[in-house]
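Per-entry structural report
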Amino acid sequence: QEYSAADRDAMNQHDGIPAESGVLFIPLNTENMKTRDGEEMTGINTGSRDQQGRYISKYTIEIDVPGDATSPTLDLFADTDKAAPGGPGLIPRLLKFPYDLNAGERQIRDLPKGGVKFARVRRLFVKASSANISLLKVELDQKKHFERTDAVNRAAQTRARRNPQTGWYVIDRTERGYAGDPFPLTGVSDFALIMEVGTTQANCPIYVDYVGGLGN
């Protein structure tokens with residue numbers, strides 16, 4: 001996972017986590033699911049070996065502090081629990097990809113897909129402050145799996161107790177509180193994010209929320 005603090009905070013607010021001055025919440029579990037298992041399924045299970053003997057022995061968080069910061073101090077607090085048997089389990093990956101969005105239909109078909117690490121996609125976050133995206137679609141092997149106008153999408157997410165953010169366009173397969181409703185990418189040869197863009201905007205970050213195995 002890699003993101004700026006501002007982007008992480010905006011994604012948190014989409015999930016209904018309020019902004020707190022001087023505090024950045026970094027979620028590994030999935031927030032606001034209907035079951036405890038649904039929330040805890042992507043917690044990082046360290047020190048537990050799977051049948052092949054693989055396990056997570058080290059977990060690292062790196063924070064970049066701006067060079068003009070005056071006497072900065074950082075404190076890290078983490079919620080922990082006992083390791084569960086069975087190995088690392090599901091690993092959440094939130095990866096950032098920058099794209100230029102040209103006015104008209106913009107198709108993105110080169111996002112990572114499939115294999116152990118990229119088995120499923122829970123959400124896609126498009127940070128586009130001025131692109132005026134009016135329609136969002138996801139196709140798997142040329143078959144439509146998601147299509148909403150921006151207005152309908154925001155209304156649906158608000159009804160599901162999400163909090164859509166200005167300048168962000170989100171396809172959220174967890175919006176109804178069901179953790180087991182992602183886009184399946186195993187065996188898929190074509191994974192397409194398609195958008196109707198009103199205004200050209202360069203270098204728009206797209207965050208893809210993957211769930212998969214530990215991998216190599």
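Below, the structure is looked at part by part.

Looking now at the environment of Gln-165. If you trace the backbone, Gln-165 turns up in the loop between helix H3 (150-159) and strand E6 (168-172). In the structure, Gln-165 is positioned 44 residues away from Val-121 in sequence and 20 Å away in space, judged by C-alpha atoms. Those residues in contact with Gln-165 that lie beyond four places of it in its chain are Ala-10, Gln-13, His-14 and Arg-154. At 2.8 Å, the side chain of Gln-165 and the backbone oxygen of Asn-163 are in polar contact.

Moving on, we get to the side chain of Glu-139. Residue position: Glu-139 is located in strand E4 (residues 133-140). Judged by its relative accessible area of 13%, Glu-139 is buried. For Glu-139, the residues in contact, after removing those within four places along its chain, are Arg-109, Lys-144, His-145, Asp-190, Phe-191, Ala-192 and Ile-194.

So, on to a nonpolar patch on the surface. Together, Leu-24, Ile-26, Tyr-59, Ile-61, Ile-63, Val-65, Leu-74 and Leu-76 give the surface a local cluster of nonpolar side chains, amounting to about 760 Å² of exposed area. Assignment of secondary structure puts Leu-24 in the loop between helix H1 (5-14) and helix H2 (36-40).

Bringing empty space enclosed by the protein into the picture now. Throughout the structure, instances matching the rule amount to three cavities of 30 Å³ or more. Put simply, the largest cavity is a space of about 160 Å³. Along the wall of the largest cavity there are 16 residues; nearest its centre are Arg-8, Pro-27, Arg-122, Arg-123 and Asp-209. Those elements that place two or more of their residues in the lining of the largest cavity are H1, strand E1 (91-101) and strand E3 (120-127). For the lining of the largest cavity, the element with the highest residue contribution is E3, accounting for three residues. Considered class by class, the residues forming the lining of the largest cavity number six nonpolar, four polar and six charged. Volume-wise, the second largest cavity comes out at about 40 Å³. In terms of lining residues, the second largest cavity is bounded by His-14, Asp-150, Asn-153, Arg-154, Gln-157, Pro-164, Gln-165, Trp-168, Tyr-169 and Val-170. Counting residues per element, the lining of the second largest cavity draws most heavily on H3, which supplies four residues. Here the residues of the lining of the second largest cavity are counted per class, giving four nonpolar, four polar and two charged.

Rules used throughout
Residues numbered from 1 in each chain as written. Predicted model: local features only at pLDDT ≥ 70, side-chain atom pairs only at ≥ 80, totals over all residues. Heavy atoms only, no water. Helix = DSSP H or I, 4+ residues; strand = E, 2+ residues; numbered from the N terminus. Contact = heavy atoms within 4.5 Å. Polar contact = N/O pair within 3.5 Å; in protein donor to acceptor, adjacent residues only side chain to side chain. Buried < 20%, exposed > 50% of the residue type's maximum accessible area, 1.4 Å probe, protein only. Patch = residues over 30% accessible without salt bridge, like charges linked within 9 Å, V, L, I, M, F, W, Y side chains within 5 Å. Areas by Shrake-Rupley, 256 points an atom, 1.4 Å probe, with all protein chains shown as cover. Salt bridge = Lys/Arg side-chain N within 4 Å of Asp/Glu carboxyl O. 1 Å grid on protein atoms, 1.4 Å probe; cavity = no way out; pocket = protein on both sides within 12 Å on 5 of 7 lines; lining within 4 Å. Points joined across faces, edges and corners; volume = space filled by probe spheres on them. Nonpolar A, V, L, I, M, F, W, Y, C, P; charged D, E, K, R; others polar.

What is shown is where atoms sit, not what they do.
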